[in-house]
Amino acid sequence: MRDFPGVRRMFRLATGRGALRQAIDEELAFHLETTAEELVAEGMNPTEARAEAQRRFGNLGRRRAELLAVDGARDARDRWSERFAALRQDIGFALRGVRRNPGFALLVALTLGLGVGVNAAMLGILNHLFFEPPAHIADSERVRKVYFVGASSSNWSDIHDLVAAHSFSGISAYAPVELTYGTGERTTKLHAQIVSPTFFSLLGAPMFSGRPLIPADDSLPRTGSAAVVSYGFWRRQLGGDPHVLGRVLDIGEGHYTVIGVATEGFTGAEQNAADVWLPLRGAAAEVEGGDWEHSRGYYWLVGLARLKPGVTTETGESEATRLHRRAREGTKDDDHVRHVTLASLIEARGPGRPREATVYVWVAGVSLIVLIIAGANVANLLLLRAMRRRRETAVRLALGISRARLVGHLLAESVVLALLGAAGALVLGAVGGQFFHRLMLDGNSTFTLGLDRTTIVLTITLALVAGIAAGLAPAALESRPDLTRSLRSSGASGRRSALQSALLILQATLSVILLVGAGLFVQSLRAVRGLDLGMSTSNVLLVQPEFASTMTPARQSLFLDDGIERIRHLAGVQDVAVSGSIPFWSSYAIDLSVPGLDSIPSPKDGGPYVNAVTPAFLSTMGMTLARGRWFREQDGRGAPAVTVIGEAMAALLWPGQNALGKCMKIGGDTMPCSEVIGIVRDPRRQNLFEERTVQYYVPKAQRWNDDYQAAFFVRTTGRPETLAAPVQRALHVASAEVRYIETRPLQDLIEPQLRAWSLGATLFTLFGGLALLVAAVGLYSIMSFEVTRRSRELGIRSALGASARTILALVLGDGLRLVSLGIILGVALTLLVAPAGATLLYGVSPREPMVYVLAAGVLLVAALVAGIFPAVRASRVDPNQTLRAE
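Residues numbered from 1 in each chain as written. Predicted model: local features only at pLDDT ≥ 70, side-chain atom pairs only at ≥ 80, totals over all residues. Heavy atoms only, no water.

## Some thoughts on the packing of aromatic side chains
Here's step 1: Per the stated rule, a full pass over the model turns up 22 aromatic pairs.
Here's step 2: Members of the aromatic cluster, each reached through a chain of ring pairs, are Tyr174, Phe199, Phe200, Phe266 and Trp277.
Here's step 3: Over the ring of Tyr609 we find Arg685; its NZ or CZ atom is 4.0 Å from the centre of that ring.
Here's step 4: Its end group placed over the ring of Trp585, Arg744 keeps NZ or CZ at 4.7 Å from the ring centre. (Phe/Tyr/Trp six-rings, centres within 6.5 Å; stacked < 30°, edge-to-face > 60°. Lys NZ or Arg CZ within 6 Å of the ring centre and 35° of its normal.)

This is the structure in C-alpha cells:
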C-alpha cells in the first residue's frame, strides 16, 4: 500500500528529516500535476498548462523551504508535547506512589532532609567564614590587613611608616573596642571602631546618609568630635531618626556629633557588627593613655593597606618589610628578622587564624559523611522497595512498557522524594539555623543562616543530586527483572543484593569514624577542662566598674573598699576581693630591681607581672599558698611594704635559695624594700597552656594607681549570674563617678580558649548521633525485609523443631555480621586518618584504644536495638500459617 505523507502528518505520525523532504516534494508534484490537468481540461495544451501551473505556484524552492520549516516546527512541537506528557505522567505516577505509601515517602524525606540540611547549613557558614569578605568594600581583594612579625595588632608609628610605600594607594588603622553609650542607669555598651581619617576612603564604602570621616575630623577633641553610626545602630538605638545628622551622642566620656550613617550591612574591616566609628585622635583617650602617636610600645591598632592595581601581595610585603626594618634600625627593638605580612580581611584565612577555623573544616567533612550515610540509607530503602515491587514491574514490562520509560518513572519518583527531602532540609534549616549560628559564630556576627535565595537553591541542588544518585541503582535493578520468576512470585521476593550489604557496611564504617571523632574531642575537652589553673574559676562573678577620668586613685580605692562591704552582705556571697588585673584578660609590669642582681632575668612570657589585691583574694580565687603567709588587714598604708611572689619568680630570682625575707624594690632602685612574706603556686595568667608565668602580688592598700583595671571577684554559693543584678544595684549607689558596671562569670573569660574542643565535641557528637540513627533505620529496614522474604524458610525451620531462640539468633546474627564487618573497616580507616587531626586534640592520643572500643560498642548496641524487633517477629512466625500461605 502506498505511503501517503499527508495522512502521516494528519495523524502526527513520526517522520524523519529525509522522509519529510521526500513527502513535501511528492505533495508539491501532486499539486502541480492537479493544476495542470485542470488547465488542460479548460482547453490549454499540456506544455502551456504545466508552465501556467508553475507560474501560479510561484518559486518552487522557496515554497519547499517554507513547508519544510512549518512541518519541522510542527514535528518539534509534537516531540516536546509528547515528552512533556510523558513527564507529567511520570510525576503523576510518582505522586500516586507517595499517596499509596506515605510512611515510606516520609522516611526517605526525613533521611535526605537530615543529610542535606546539615550540609547546607555547614556550607553556608563555611562560605561566610572562609570566602565572604566584609560587605561593601570596593575591590576587597586588594585590601589587606597588615601584620608585623605575626602580631595581630601594632602601634601607630609602625603603621604610619608604610605611608611612604609605593606599593600602596592608601594606609589606615583601626581598633575595635567596647565603649559605654549614654549616661546614668541607662548606660549600655556598644561596639565601636576607632579609625584613622583615611579609613572610609581606603575601603571605598558607600554611605546611607551624610558623609564619612575625613582628616579634618581627626583634629578635633573628643568633646566636639564627629562620629559615623552603623545602619543597624541608627535603626535600633536612634529609632531611624531621619534628622539624625547633627545629633550629639554620649560615648565613653566624650560627646560626638553624628555626621553620617553607614550603608546597611557595612561592618568596616571586620566581619562582626560595629555600632559606631570614631576618629583616632579624638577617641584614643577612651582606651589608650600616654604618647601612643610616637611610642612604638603601644600595640593596640590593626593596620590596613590597599594595594595599587597591578601590585602583587609579595611585592607589597617586600617593600613594607624593607621600610619597617629601616624605621626600626638603632632602636632597642632593632630586630633584622622582622617582616610584614599582608593578609586577607577574612580572619579565617589570615595568620591569626583561630584553632576553631580548622575544626570547621573537619566538621564540614563530617557533615559530608552524614550526607553519604543518608544517601546510602535512601538507596537501600529504594532497593528494598524495588525488590518488593518486582512482580508489579514485571507485569508492566509484560504489558509493553519500554525499559527506558520505566527508568523514567523510577527516576521521577527519586526526584519527587528528593524534593520532599529538600523541603524537610529547609524546615530543618529554619528551625536549626539559629542553633548552628549560636554554636559556631561569634555572638556579634552579622551573618544569619536564613532561607535566602542562595540557601534555597543550594539545598534543592544538594537534595536532587543526592536523591537521583541514590535512585540510580534501584532504577537499574527494577528495570531488569527476571520476568518469569517475578511473575510467579508474590510479595517480597529475591535475595538481598550484594549492593544492599555493601551500603549497610558503608554506613557502619562511616558511623565508626564519626563516633571515634566525637569520643576523641570529648576526651580532649575533658582534659582541657581538667587543667590545673592554679585557681578555681567556677562560681566566681567578675565585676568591672568603669571609672570617670576625673576619679583619682584615692577615690577609686575608697569606692572599692566600700564596694567590698556592700557586696559581702548580699545573700549568696561567700567571699569577695578586689584586684588590679584580671586573669585571662589583663596584666601589668612595672620597674623592678633586686639587691644583688644587676638586672632581672627576662622571662619567656614577659614580666614580672604585678597585681595589687585585697587580703581575701587568695581564698576568693581558690589559690594555694606554698610557703610563708598571705596578706592581712594589717598590711595597709603605713605598714612595712610586703609582697607575695609566685614559685616561678622565686626560682628565677633566687634559684636554690629561700626567697622568704628577700628584698624587692618595686618601682625602681629608689623605692624602699618590699619584703617577700609568702610564695604561692603560680596561677595561669593569660593562656590555659602557657608555662608558669613570673608574677607577684602587693597589698592594694599599699599600692594602688589609676593604671590598674579594677575588678571585684565575688565567690558565690550558687550560679554567679544570679548575683549580677544585686551587685550592680549595690555598687551604683556608691559613687556617681562610676559610669558603668559590667558583670559576667569569670569562666566566660576562659570559654573562648575551650571553644575549639567544645565545638568539636558538640558537632562530632551531634553528627555521630545522626549517623547512628540513620544507620540503625537502615539496618532495621533490611532486617524487616529479610524476615518477610525468608518467612517460608523460617516457618520450615520452626516446623522442624528450631526454637524461638535459634530463630532469633539466626536473624540477629545476619545483621550483626554486616555491622561487625563495617566496624572493622571503620576502625582500620580511622586508625589510618586520625593522626592527621592530632593537632586538634589535647591530652589524648588520636589512637586512644578505649575511644575505639566505646565507639564500636555504641554501634553494636544500636545495631542490636535496631535488629531486635524484626528478630522477635521472626521468632514468633507460625509455621502452619506460613506454609499454608505458600
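Alright, that's what it looks like, and here's the rest.
## Looking at the pattern of salt bridges
Here's step 1: Taken as a whole and judged by the stated rule, the model has 20 salt bridges.
Here's step 2: Ionic pairing is found between Asp158 and Arg296, a salt bridge with its closest N-O pair at 2.5 Å. Note that Asp158 is positioned in helix 6 (residues 156–160) and Arg296 in the loop between helix 9 (280–283) and strand 9 (302–307), a separation of 138 residues in sequence.
Here's step 3: Using a relative accessible area of 1% as the deciding quantity, one classes Asp158 as buried.
Here's step 4: Within the structure, one salt-bridge network assembled from shared partners comprises Asp158, Asp161, Arg296 and Arg328. (Salt bridge = Lys/Arg side-chain N within 4 Å of Asp/Glu carboxyl O. Helix = DSSP H or I, 4+ residues; strand = E, 2+ residues; numbered from the N terminus. Buried < 20%, exposed > 50% of the residue type's maximum accessible area, 1.4 Å probe, protein only.)

## Thoughts on the pairing of strand 6 (residues 248–251)
Here's step 1: Every second residue of strand 6 is oriented toward a common face, the buried set being Leu249 and Ile251 and the non-buried set Val248 and Asp250.
Here's step 2: Two elements, strand 6 and strand 7 (residues 254–262), share four bridges in a ladder whose sense is antiparallel. From the neighbouring strand, Ile251 faces strand 7, where its bridge partner is Gly254.
Here's step 3: Linking strand 6 back to strand 7 in an antiparallel pair, the connection comprises two residues, with Gly252 at a positive phi of about 60°. (Pairing = 2+ DSSP bridges.)

## Things to note about helix 20 (residues 724–732)
Each full turn of the α-helix corresponds to 3.6 residues, which orients residues three or four apart in the same direction.
Here's step 1: Within the sequence span of helix 20, burial applies to Ala724, Val727, Ala730 and Leu731. An end-on view of helix 20 places all buried positions within 135° of arc, on one side of the element.
Here's step 2: Those residues of helix 20 hidden inside the fold are in contact with strand 11 (540–547), helix 17 (553–568), strand 20 (711–716) and strand 21 (738–745). (Arc of directions from axis to C-beta. Contact = heavy atoms within 4.5 Å.)

## Description of the side chain of Gln556
Here's step 1: Looking at where Gln556 falls in the secondary structure, it is placed in helix 17.
Here's step 2: Exposure remark for Gln556: the relative accessible area of 4% places this residue in the buried category.

## Digging into helix 24 (residues 849–875)
Here's step 1: Between its terminal C-alpha atoms helix 24 stretches 37 Å, which fits the 39 Å expected from 27 residues at 1.5 Å a residue.
Here's step 2: A bend of about 35° at Ile868 is the largest found in helix 24, and the proline Pro870 appears one to four places after it. (Expected span 1.5 Å × (residues − 1). Bend = angle between axes of the 7 residues up to and from the residue.)

## Regarding empty space enclosed by the protein
Here's step 1: Applying the stated criterion across every chain yields a total of eight cavities of 30 Å³ or more.
Here's step 2: A volume near 140 Å³ is recorded for the largest cavity.
Here's step 3: Looking at the largest cavity, it is lined by 18 residues, and the ones nearest its centre are Ser581, Pro583, Asn611, Gln695 and Tyr697.
Here's step 4: Sorting the residues of the lining of the largest cavity by element identifies strand 14 (609–613), helix 18 (617–621) and strand 19 (695–699) as the ones contributing at least two each. (1 Å grid on protein atoms, 1.4 Å probe; cavity = no way out; pocket = protein on both sides within 12 Å on 5 of 7 lines; lining within 4 Å. Points joined across faces, edges and corners; volume = space filled by probe spheres on them.)

## Description of the packing of helix 23 (residues 804–833) against helix 24
Here's step 1: Look at helix 23 against helix 24: their axes get within 8 Å of each other, and the N-to-C directions meet at 155°. In terms of orientation, helix 23 and helix 24 fall into the roughly antiparallel class. When the axes of helix 23 and helix 24 are compared, the crossing they make is right-handed. Residue-level contacts link Ala804, Ile807, Leu808, Val811, Leu812, Leu816, Val819, Ser820, Ile823, Val827, Thr830 and Leu831 of helix 23 to Tyr852, Ala856, Leu859, Leu860, Ala863, Leu864, Gly867, Ile868, Ala871, Val872, Ala874 and Ser875 of helix 24.
Here's step 2: Here the contact of helix 23 with helix 24 is composed, by residue class, of 20 nonpolar, four polar and no charged. (Axes fitted to C-alpha atoms, helices over the stretch in contact; angles between N-to-C directions. Parallel < 35°, antiparallel > 145°, perpendicular 65-115°, else oblique. Left-handed = near helix turned anticlockwise from the far one by under 90°. Nonpolar A, V, L, I, M, F, W, Y, C, P; charged D, E, K, R; others polar.)

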